[in-house]
Amino acid sequence: MDGSDPSKTLSDALVVFGVTGDLVHKMIFPALYEMVKKGVLDCPVIGVASSRWTLDQLREQATDSIGQAGTIDDRDALNRLLSLLHYVGGDYNDTETFNSLKKALGKAGRPAFYLAIPPSLFATVIKGLGDAGLAAQARVIVEKPFGRDLSSALELNAVAHSVFPEESIFRIDHYLGKEAIMNILYFRFANSFLEPIWNRNYIDSVQITLSEDFGIKGRGLFYESAGCLRDVVQNHMFQIVALLAMEPPAYQGYEAVQTEKAKVFHAMRPLSADDVVRGQYDGYRNEPGVAKNSDVETFCALRLFIDSWRWKDVPWYLRSGKNLQVSAAEVLVELKPPPQRLFDDATPVAMEDRANYVRFRLSPGSAVALAARVKTAGEEFVGDQRELYLQNDQQGQERPYERLLGAAMAGNRSLFSREDAVNAAWAVVDPVLKYHHPVHPYEVGSWGPKQADALVEPEGCWHNPKREKGAH
Ligand code: BG6
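Residues numbered from 1 in each chain as written. Predicted model: local features only at pLDDT ≥ 70, side-chain atom pairs only at ≥ 80, totals over all residues. Heavy atoms only, no water.

A. Spatial organisation of the sheet that holds strand 8 (residues 276-281). If you trace the nine strands from one edge of the open sheet to the other, you get 14-13-12-11-7-10-9-8-15, paired in mixed fashion. At either end of the open sheet lies a strand with only one pairing partner, and these are strand 14 (383-391) and strand 15 (440-442). Taking the axes of each pair of neighbouring strands and ignoring which way they run, one obtains an average angle of 20 degrees across the sheet. In terms of strand pairing, strand 9 (residues 299-305) meets strand 10 (residues 315-321) through seven bridges, oriented antiparallel. (Pairing = 2+ DSSP bridges. Helix = DSSP H or I, 4+ residues; strand = E, 2+ residues; numbered from the N terminus. Axes fitted to C-alpha atoms, helices over the stretch in contact; angles between N-to-C directions.)

Encoded structure:
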């Protein structure tokens, strides 16, 4: 599934817009440090931001960020990274900023521009790069959310294409760089036992939960312009759905996978207000940057249908939220019960007891579990509910940003989203961005508003992932 093109050359500089921001502090410096350690990054790294920082400040920030993310176990690598850093400060609307960037790039002729900036600035920066003549031979890596609805995504794509060809645009969704999520594609198509049952004839419903036990962590301004649906559902969660629902790619290769994923988004039924329950945790409106009367959702549960041959009438339930009971991500694919009840205890008594399912633990940890009932010793035909459990945590895994930045700089597009897929995903959520019911308040540490339970009632109840790694 390699999307690399051997004719592509490596980027010879990495330019990080928004280098003083939160994302870069939390994720990007640690990723760059790992890349330097492994010898993958050896070119100038130019940070750009509107703050008037000095290079020393940037170096301090990088060191602090790497220290906070883990231990600094390779001083030489840290020093190498610090020596690669450059800083350009200036307004993104000012052509001078881009002229300074041009100077800082020096002889580098194939830079990768990574836009770790608020989505509202993407178009300005992309145009600035084009106007300054910096786009030829370059790549642009754009953070999610790509647009804030269908029309802005189309607009943004038009701007991006006026400056960069599609093969030079890398739309990042860091979920695509996670091992456990890449394993969904591999596990489904490297094994033959799932395929016969992976359809509407055997599958009752699918649930995906992506829960976090913390709030918006000071990102009030961003969150007010996004909300849960835009922040994680339209991108991270839909990508998981696509990998679970897609048809086998017709051949080995990046385009084949992208095409099948895009088809899933095209087959998704556009959501309506009654398909979605929006929630807001108590106290959200007191967070800095949040409006006192905010109707932005910090929780979202939805029912989705994929109107394809394989999935017709199978409900997909997606749920995500901040300040929920645990931080975990799990998929539960519930199978239909056996056609006949041959044993008295074969049908679970309580709603939350599920007898037949496949469970993908995506975080923390990575595991696949297959529910099975087994007979308890004795004369009677009664049994216990167990799991065939496959833990797949491996040491030394590359983390998503390390993997994705490395891939983009090498011109490998396999872990990035294609334009048609992003637009089709927006088309599904677009109606409920405009027309939705008001948010329901929920308690911090709960599983969200109780109205979300009614959504899944026809199938039973939500599956609540456990806190511990992979546990059930
Ligand atoms: C980001 C969202 O894209 O993904 C955050 O902006 C969210 O709000 C995060 O917390 C979740 O990512 P992860 O890798 O921690 O599951």
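Right, picking up where we left off after that structure.
B. The arrangement of the packing of aromatic side chains in detail. Applying the stated criterion to the full structure yields 15 aromatic pairs. Relative to Phe193, the ring of Phe187 lies with its centre 6.0 Å away and its plane at 90 degrees, an arrangement referred to as edge-to-face. Overall, Phe187 belongs to the buried group, its relative accessible area being 11%. Its relative accessible area of 48% is what places Phe193 among the partly exposed residues. For the ring pair Tyr281 and Tyr284, a centre distance of 5.7 Å and an interplane angle of 80 degrees mean the geometry is edge-to-face. (Phe/Tyr/Trp six-rings, centres within 6.5 Å; stacked < 30°, edge-to-face > 60°. Buried < 20%, exposed > 50% of the residue type's maximum accessible area, 1.4 Å probe, protein only.)

C. Spotlight on the state of the cysteines. Within the structure shown, the criterion is met by zero disulfides. No disulfide involves Cys300; its sulfur sits 5.1 Å from that of Cys228, the nearest cysteine. Cys461 takes part in no disulfide bond, and the closest cysteine sulfur, belonging to Cys300, lies 19 Å away. For Cys461, a relative accessible area of 17% gives the class buried. (Disulfide = S-S within 2.5 Å.)

D. Focus on the side chain of Arg413. Tracing the sequence through the fold places Arg413 in the loop between helix 11 (400-409) and helix 12 (419-434). Only 3.3 Å separates the side chain of Arg413 from the backbone oxygen of Glu166, close enough to count as a polar contact. (Polar contact = N/O pair within 3.5 Å; in protein donor to acceptor, adjacent residues only side chain to side chain.)

E. Main features of a nonpolar patch on the surface. A surface patch of nonpolar side chains, amounting to about 340 Å² of accessible area, comprises Leu342, Phe343 and Phe381. By the element assignment, Phe381 lies in the loop between strand 13 (367-375) and strand 14. The class of Phe381 is exposed, set by a relative accessible area of 54%. (Patch = residues over 30% accessible without salt bridge, like charges linked within 9 Å, V, L, I, M, F, W, Y side chains within 5 Å. Areas by Shrake-Rupley, 256 points an atom, 1.4 Å probe, with all protein chains shown as cover. Salt bridge = Lys/Arg side-chain N within 4 Å of Asp/Glu carboxyl O.)

F. Focus on the pairing of strand 12 (residues 357-363). Burial within strand 12 is extensive, with six of its seven residues counted as buried. For strand 11 (residues 328-335) and strand 12, the ladder comprises six bridges, and the chain directions are antiparallel. Within strand 12, the position partnered with Leu332 by the bridge is Arg359. Here strand 12 runs beside strand 13; their pairing, made up of four bridges, is antiparallel. Within the sheet, the bridge partner assigned to Phe360 lies in strand 13 and is Val368. Here strand 12 folds back onto strand 13 in antiparallel fashion, the turn holding three residues, of which Gly365 has a positive phi close to 80 degrees.

G. Focus on the pairing of strand 8. Taken across its six residues, strand 8 has six buried, putting it largely inside the fold. Of the two faces of strand 8, the one holding Val276, Arg278 and Gln280 and the one holding Val277, Gly279 and Tyr281 are both buried throughout. Examined bridge by bridge, strand 8 and strand 9 share four bridges and lie antiparallel to one another. By the bridge assignment for strand 9, Gly279 is matched with Phe299. As judged from the three bridges shared by strand 8 and strand 15, these two strands associate in the parallel manner. The partner of Gln280 across the bridge, within strand 15, is Pro441.

H. Main features of unusual backbone geometry. Of note, the bond from Lys144 into Pro145 is cis; its omega dihedral lies within 30 degrees of zero at -5 degrees. Note that Pro145 resides in the loop between strand 5 (139-142) and helix 6 (150-163). A cis amide bond links Ser363 with the next residue in sequence, Pro364, at an omega value of -10 degrees. For Pro364, the location among the structural elements is in the loop between strand 12 and strand 13. Phi at Lys217 takes a positive value of approximately 50 degrees, unusual for a residue other than glycine. Checked against the element boundaries, Lys217 lands in the loop between strand 7 (203-211) and helix 8 (220-226). Accessibility expressed as a relative area gives 52% for Lys217, which makes it exposed. Even without being glycine, Asp313 reaches a positive phi, approximately 70 degrees. With respect to the helices and strands, Asp313 occurs in the loop between strand 9 and strand 10.

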